[in-house]
Each structure stands twice: as C-alpha cells, then as structure tokens.
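For reference, the chains in residue letters:
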Amino acid sequence: MSNSNSSSNSNRRRNSSSSTRLSRVTAAHAQPELSIRRVSLLAIMSKLLLQCCMMVIVIACVSTKAGVHAQGQVSVDDDFKRLLGRCKVGSEDFDNCMKTVFNDLRAYFPTGVPAYNIKPFDPHRSPFVELRRGDQNSFGGFKLILRNISEYGWSQSEVTKYRTDYANKRIIYAQYFPEKSLDGWYEFSGKILGTLVKRSGFWNMTLYDYSQTTSVRRLGAPGALLKVHVEIDRIGGLKMHVANALAEGRERLDNFTDGVINSMWPIGFPMIKPLINELVSSAFTDIFNESFRKFPVAKFLS
C-alpha cells in the first residue's frame, strides 16, 4: 500500500513538472509572436505617418503653385482695375479716391509688380546718387556720392493728401512715415577751410515722425520721362551714424561725430535741407522712371 502511494505521488510530481515545462515552452513560443505583432504595428504606424507627411508636402506645393499663378498678369490686372477703376477722372472725388488707392497699393510695396517692371518699394534701392557744389579745388567746393542706398518704412507710410495738376501733367501728394530708415556707402571729397578732405565709409540714418511732399511731373506724352521733386516737410527725430567722418578707422571719433550730429541736427538742418531735398529728388527721379514711366494707368482708370 505504501509503495502504491509513493508511486502515485511520484507520478503526480512528474506530471506537474512536465506541465510547468510545457507552460514555459508555450510562453517562450508566444513571446516572439507578441514581439512580431508589436513590430508590425509600429511599421503600420510609421507608414501612415509617412503618408500623412507626403500629403502635407503635396498640398503645400500645390498651394504655393496656385499662389504663384494667382500673382500672375491676370490677377494683377484685376486688382488694379478694382482699385483704380473706382476713380472717375475729372470728378470732384477723383483726388480723394486716388489718395485711398495709393494707400491700398502699399500691399505691393514689398514685392513690386514684375508684370509691369515695378521693382519692390520697401525697401527701395538706388545704386548711385551724386551731388556737386562748386569746384572741389576751390574754397568750399565738394562732391558727394552715395552708393547702394536702401530705404525702409514705405509699407507703414500713409498718403495724407493728393492733388492732380492736369494743366502741368503733375500729381502732388503728401506722405507721412512713423519711421523711415536709410543706409548705404558714401564718398566725399572737397576743400574745407582750404584743406583737401577725402572720406568714405558706411552711413545709416533713421527718421522719426517724418513727412514729405512729392511732386511727379511728366515731361511730355504718355511714356515720356518723369521729373520728381521731394520736399521734406517735417522731421520729428533723427539718429545718424557716419563712419570715418573725421578720420579713417577711428571708432572713438565716429562715436563723437555721431553724438554731435544726433544732438545738434535741428540747428544745422535748415542749412542742409536743400541738399537733402536735391539728393532725394535725384534718386526718386531715377526710381520713378525705371518703375512707373511706362505704367499704363489710363488702362485701369474709369
């Protein structure tokens, strides 16, 4: 009897041990399958994510292409017709209507209008402006050349007055700038108190609370040259830097010169204002002839 019980217990232990080994083997076989399922799920998610990214890229490209087409000749013509077409030539409200149009056209300042060879106006650039007074070899004569001038702030400007002078083929408009900045390179040569002086370097200037009046006159039939005159009306504040004004490569002297200019400019401004008007008018005559001389404004006006 005892032997029978011992044999039975032994069999149970063997069966239990076999069952445990079988469970372990089953679990060992199940783990790779679970791992495979996880890898497959990760692959599916990665594939979906990649497809979504590709869709976003395609949509962006299509939108960009559509935007480029939207800025083509037809779109620009439609926009100009919408803006300028509401102004009736000869009507009492024509000047006020044109003032509004000038302000609405500020959206084109950063881009220009390639379809009509109108270059960007913010910043607008002038490669070369020259101003001469007298003989450089005589007392007080000088030559000033400004190169690669960039002017910023046009998109924030506002035309406050507009008038059409039909008899003289001229328009006159006043413009206000909360802030306007310019920079470029200068070359100066002339005699100061009998001493020959030559200077060159970088300069920049920022004007605050600034306003000007611009006159644009056509010197003949449509398509003829334009003559521009700019008159400074007001400068509320000014900051300026002129490199090498007193001596080449002397930064401390530059700081001194800048300090004098920025603190004393209201005193000297009445004397240099005509020179600034001449420089700006010369630059704008070139810019307007290049961009607006052949613009078919009559095509869009009513």
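Not measured: the values here are computed from a predicted model.

### What about the overall build of the protein?
Assigned secondary structure in the protein consists of four helices and six strands. Order of helices (α) and strands (β) in the protein, N terminus to C terminus: α-α-α-β-β-β-β-β-β-α. The buried share of the protein, reckoned over its 302 residues, is 32%. Long-range contacts, defined as pairs at least 24 residues apart, comprise 65% of the intrachain contacts of the protein with a sequence gap of at least 6.

### As for the pairing of strand β4 (residues 170–192)
The two faces of the sheet receive side chains in turn, since in a regular strand these alternate between them. One ladder, built from nine bridges, connects strand β2 (residues 142–152) with β4; its direction is antiparallel. Within the sheet, the bridge partner assigned to L146 lies in β4 and is Y186. Pairing between strand β3 (residues 158–165) and β4: seven bridges, direction antiparallel. Its bridge partner being in β4, V159 is matched across the sheet by Q175.

### Comments concerning the side chain of S126
With respect to the secondary-structure elements, S126 resides in strand β1 (residues 124–133). S126 sits in the buried class, given a relative accessible area of 5%.

### Remarks on helix α4 (residues 251–292)
Between its terminal C-alpha atoms α4 stretches only 42 Å, short of the 62 Å expected from 42 residues at 1.5 Å a residue. W265 marks the point of greatest bend in α4, at about 75°, and the proline P266 comes within the next four residues.

### Re the confidence of the model for the protein
With 74% of its residues at a pLDDT of 70 or more, the protein shows a mean pLDDT of 81. By mean pLDDT, the top-scoring element of the protein is β3 (97), and the lowest-scoring one is helix α1 (residues 2–70) (49). Within the model, pLDDT remains below 50 along residues 1–7, and this stretch shows zero contacts once partners closer than five positions in the same chain are excluded.

### Let's talk about unusual backbone geometry
Put simply, D122 and P123 share a cis peptide bond, and its omega is 5°. Within the secondary structure layout, P123 lies in the loop between α3 (94–104) and β1. Positive phi, close to 60°, is recorded for N244, a residue that is not glycine. Tracing the chain through its elements places N244 in the loop between β6 (226–242) and α4.

### Section: a nonpolar patch on the surface
Nonpolar side chains collect at one region of the surface, where L246, F256, V260, M264 and I267 lie side by side and expose about 490 Å² of accessible area between them. On the secondary structure map, F256 appears in helix α4.

### Overview of the pattern of salt bridges
Counting across every chain of the model gives eleven salt bridges. R82 serves as the salt-bridge partner of D79, at 2.6 Å between the closest nitrogen and oxygen. Here the residue D79 and the residue R82 both occupy positions in helix α2 (residues 73–84), the gap between them amounting to three residues, near one helical turn.

### Points about the packing of aromatic side chains
Scanning the entire structure with this criterion turns up 23 aromatic pairs. Taken together through their ring pairs, the aromatic side chains of F109, F121, W154, F177, Y210, F284, F288 and F292 make up a single cluster. Across the ring face of F177, the terminal group of K180 is positioned such that the distance to the ring centre comes to 4.6 Å.

### Some words on the environment of E158
By the secondary structure assignment, E158 is in strand β3. Sequence separation between E158 and N103 is 55 residues, and the spatial gap between their C-alpha atoms is 6.1 Å. Residues contacting E158, with those up to four places away along its chain left out, are N103, R106, A174, Q175 and Y176.

### Quick notes on the nonpolar core
Membership of the largest hydrophobic core comes to 51 residues, with the highest contact counts inside it found for F80, Y116, L146, I235 and F288. The element contributing the most residues to this core is α4, with eight residues.

### Considering the state of the cysteines
For the coordinates displayed, the defined rule picks out one disulfide. Paired by a disulfide, C87 and C97 hold their sulfur atoms 2.0 Å apart. Given an S-S torsion of about -80°, the disulfide between C87 and C97 has left-handed geometry. One end of the pair, C87, is in the loop between α2 and α3; the other, C97, is in helix α3, with ten residues separating them in the sequence. Exposure remark for C87: the relative accessible area of 1% places this residue in the buried category.

Criteria and thresholds
Residues numbered from 1 in each chain as written. Predicted model: local features only at pLDDT ≥ 70, side-chain atom pairs only at ≥ 80, totals over all residues. Heavy atoms only, no water. Helix = DSSP H or I, 4+ residues; strand = E, 2+ residues; numbered from the N terminus. Buried < 20%, exposed > 50% of the residue type's maximum accessible area, 1.4 Å probe, protein only. Contact = heavy atoms within 4.5 Å. Pairing = 2+ DSSP bridges. Expected span 1.5 Å × (residues − 1). Bend = angle between axes of the 7 residues up to and from the residue. pLDDT = per-residue confidence, 0-100. Patch = residues over 30% accessible without salt bridge, like charges linked within 9 Å, V, L, I, M, F, W, Y side chains within 5 Å. Areas by Shrake-Rupley, 256 points an atom, 1.4 Å probe, with all protein chains shown as cover. Salt bridge = Lys/Arg side-chain N within 4 Å of Asp/Glu carboxyl O. Phe/Tyr/Trp six-rings, centres within 6.5 Å; stacked < 30°, edge-to-face > 60°. Lys NZ or Arg CZ within 6 Å of the ring centre and 35° of its normal. Core = buried A, V, L, I, M, F, W, Y, C linked by side-chain atoms within 4.5 Å. Disulfide = S-S within 2.5 Å.

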